[in-house]
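# Geometric and topological summary
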Amino acid sequence: MALVTLKDISIGFGGNLLLDHINLQMESGERVCLIGRNGEGKSTIIKLIHGNLSPDNGEIIRQKNVRIAMLPQGVPAGLSGSIFDVIMNKSPEGISPTPQPACVRQQHRQAEKIVSQMKLDSDIDFAALSAGMKRRVLLARALSAEPDLLLLDEPTNHLDIDSIKWLEDFLYNLSASLLFVTHDRMFLRKLATRILDLDRGSLTNWPCDYKNYLARKQAALDAEAGQQTRFDKKLAEEEIWIRKGIKARRTRNEGRVRALEKMRETRRARRDRTGNVRMEIQSEQRSGKLVIAAENISYKYLNKDIIQNFTTTIMRGDKIGIMGPNGAGKTTLLNVLLGKLSPYSGTLHHGTHLNISYFDQLRAQLDENKTVHENIGEGNDMIMANDRQVHVITYLKNFLFSPDRARSPVHILSGGEKNRLLLAKLFTKPSNVLVLDEPTNDLDAETLELLEELLLDYQGTLLLVSHDREFLNNVVTGTLVFESNATVNEYVGGYDDWIRQRRDNGVPAATNVTPKSDKKQHAVKKQNKLSYKDKLELETLPGIIEGLESQQDEIHQSMSDPAFYQKDVSEMNKIKNDLSAVENKLESAYERWEAIELLKKSFEK
C-alpha cells in the first residue's frame, strides 16, 4: 500500500481551481521532486499531504501509523530556546501525528543522534542563528520523529553551498521517502527518482530524470499548441458559418449548431499556460575598461577580520561570482568593492563612467506597504524602458503581474513574486555594472533560465552573489571565494572550475589574478621590487587613462552628430584617424598598467 494517496483532489481560493482533480501516490523509498511555476500550488500539495490543509473535494488516504514530517518554506514565528529545545518540542510544528509521551525517550535519543550527524551545537540559542542554520535545525526536528515520508518545501533556500552539498548527501542516504520542491537544478538532478509537474491545476507524472523531463515536457507542450491551433481554426470557421445564417432547419444543421456551442464551452474552459517573463536590461554607455582595482584591501567588523589583504582587478565585461559560507562577508565584500564601506586598509580605485544597479537580497528597495504599481511607477503611470515610454501595467505584464496583481500591496506577494518585482524595478534603470546579491531565491526554473540568458548577453560588468551552483556555472567567467581566515581567493570559471582548482583537491589555489582566460601574459624582469620609474608610471597611468577616455568620448559625441557627415571627406578621415590613435594609446596604457600590476604582485608573493 502507498504511504499516501491523493484521489481526485480539488481546491481553489477564488477564480480557477488551484488543483483540479489531481491524483498522486507516494511509495516507500521514492525521492520525488514537485515542479511548477511560482503560484501554481506546489506548497498547497505539501500542506494537503501533511494535513495542514483540507481539500474542497476528493480523498486523501494515509497508510495506517505512517509518520509524515514537513520542512516548511519559511521559519515559523515564536520558536525559542536552545537548538535542542526546539528539536525536542513536545508538539513540534511539521510533525504528524504528534509524538505520544511514551515515544519522548526514543525521540530524545534520536534527537541526540541527529544533532551529532548534522554537526549542531545543541546549547546555542535558536534565535541567534542565521536563516540557513535555523532551517537546518528545523530539518533536524523533522528527522528526529523518524518519518516515513519527509516533505521539503524549498529546502536549499538560505543555505550556503557547503550546507547544500551536505544536505544532498544526507538526503541521498536517508531511508525515508522524499517529496520536495526546489528551484536548485543541481540538487534536483542529484536526488529525484521521478518528477511531478504541476501546470494549470493538473498534475503529471514523469518517471525519468530532469534532462529527459525537459525534452518530453517540451514535446508535450508543442503537441498541445498544435492541437489548440487546429481547434481554434475550426472554431473560427464555424463562427463564420453561424454568422452567415442557417439556410435550412435540417437535423444536420441543428447538430452543427450544438457542436459549435460545445466548442465554445471547451474554449472558455481552456486554461492558457502562463507566459514566460520578458526581461530586458536597459543599456547604458560603456564604462571605462577598468571597473574596479583593489590593492591589499582589508576590512574588520567589531575587531573581527572579514577581508584580509585582498587584491583584484575587475575589467569591463567581467562576470564575477562571489561564493562563501553564510556569514563569511560576501555582501560586505560587495559593499567594499562598490565603495559603500571604506576598507580598513589598502586602496580602492573605480574606473570612469560607472552606472551601477544593485539587487539587494533583503529587498530593501521595495516598499512593502505600497502596491506593485507604486513601487515601479513611483507616482507615475508611465515609465521609460529602453528609450520608449511604457505604461506601468504593460511593463509589469512582462514580469507576469496581472493588472489585479499590479494593484496589490507588496507584502502579500510570495517570495518569488517579490524577487521578480525587484528585478522589474532594477531593469527600469540603465546600467553598465550590475550587482546581484542572491537573485535566484524563490524563482522558478523557467525564470532562472531566462535570467541566465539575459546575463550572458549583458555587455556590462556583473558581480553576482549566489549559492545556486548551476546558475554560477552557466553565467560567471570567474569567482571570488571566501575560504579561510578572511582570505578571498580568485579563480577562473564557475563553481565546477573552482572545485577542480581548489587546494582541497591537491591543486595549488589560484592567486589573486583577474579571472580572464584571454588575458595577455607579460614577461617580468627578475628584480626584487618596482623601480622608481615603474612606481611613478603606476601612479600616473590612471590619470592618463581617464584623459584618453575623455578624448575618446568627445570624438564619439562629435561623430554621432548628424552634422559630422556634412564635413569635408578629408576632415572626417582626420577625425577617424584621431579616434584610432586615441584608442591605440588607451589600449597600450591599459596593457602597461596591467603589466606593472602583475610585476608588483609577483614581488609580493
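Residues numbered from 1 in each chain as written. Predicted model: local features only at pLDDT ≥ 70, side-chain atom pairs only at ≥ 80, totals over all residues. Heavy atoms only, no water.

### Here's the deal with the packing of aromatic side chains
- Enumeration according to the criterion identifies six aromatic pairs in this entry.
- When the ring of Phe 180 is compared with that of Phe 187, the centres are 5.7 Å apart and the planes differ by 90°; the resulting orientation is edge-to-face.
- Here Phe 180 falls in the buried class, since its relative accessible area comes to 0%.
- Ring geometry for Tyr 495 and Trp 498: centres 5.8 Å apart, planes at 55°, overall tilted. (Phe/Tyr/Trp six-rings, centres within 6.5 Å; stacked < 30°, edge-to-face > 60°. Buried < 20%, exposed > 50% of the residue type's maximum accessible area, 1.4 Å probe, protein only.)

### Comments concerning the sheet that holds strand β13 (residues 319–323)
- Pairing is mixed in the open sheet, where six strands are placed in the order β15-β18-β19-β13-β20-β21. A strand with exactly one partner marks an edge of an open sheet, and here the two such strands are β15 (356–359) and β21 (487–492). Put simply, the sheet's adjacent strands are angled 15° from each other on average, direction ignored.
- Helix α13 (residues 415–426) contacts β15 and β18 (433–437) of the sheet and is inclined by roughly 170° relative to β15. (Pairing = 2+ DSSP bridges. Helix = DSSP H or I, 4+ residues; strand = E, 2+ residues; numbered from the N terminus. Axes fitted to C-alpha atoms, helices over the stretch in contact; angles between N-to-C directions. Contact = heavy atoms within 4.5 Å.)

### Comments concerning the sheet that holds strand β14 (residues 345–350)
- The strand order across the open sheet formed by three strands is β12-β11-β14, and the pairing between neighbours is antiparallel. Edge positions in the open sheet fall to β12 (304–315) and β14, since each of these has one partner strand only. Direction aside, neighbouring strands of the sheet carry axes that sit 15° apart on average.
- Across the sheet, helix α9 (residues 330–337) lies against β11 (290–301), β12 and β14, angled at about 55° from β12, the strand it touches most.

### Section: the pattern of salt bridges
- According to the stated counting rule, one finds 20 salt bridges in the structure shown.
- Its salt-bridge partner being Lys 190, residue Asp 169 comes within 2.9 Å of it at the nearest N-O pair. Taken together, the positions of Asp 169 in helix α5 (residues 161–172) and Lys 190 in helix α6 (residues 185–191) put the pair 21 residues apart, joining distant regions of the chain.
- Of the charged contacts in the structure, one is a salt bridge between Arg 469 and Asp 184, with a shortest N-O distance of 3.7 Å. One end of the pair, Arg 469, is in helix α15 (residues 469–475); the other, Asp 184, is in the loop between β8 (177–181) and α6, with 285 residues separating them in the sequence.
- Overall, Arg 469 belongs to the buried group, its relative accessible area being 2%.
- One network of salt bridges, with partners in common, ties together Asp 197, Asp 199, Arg 200, Lys 217 and Glu 224. (Salt bridge = Lys/Arg side-chain N within 4 Å of Asp/Glu carboxyl O.)

Scope: geometric values only; no functional claims are made or implied.
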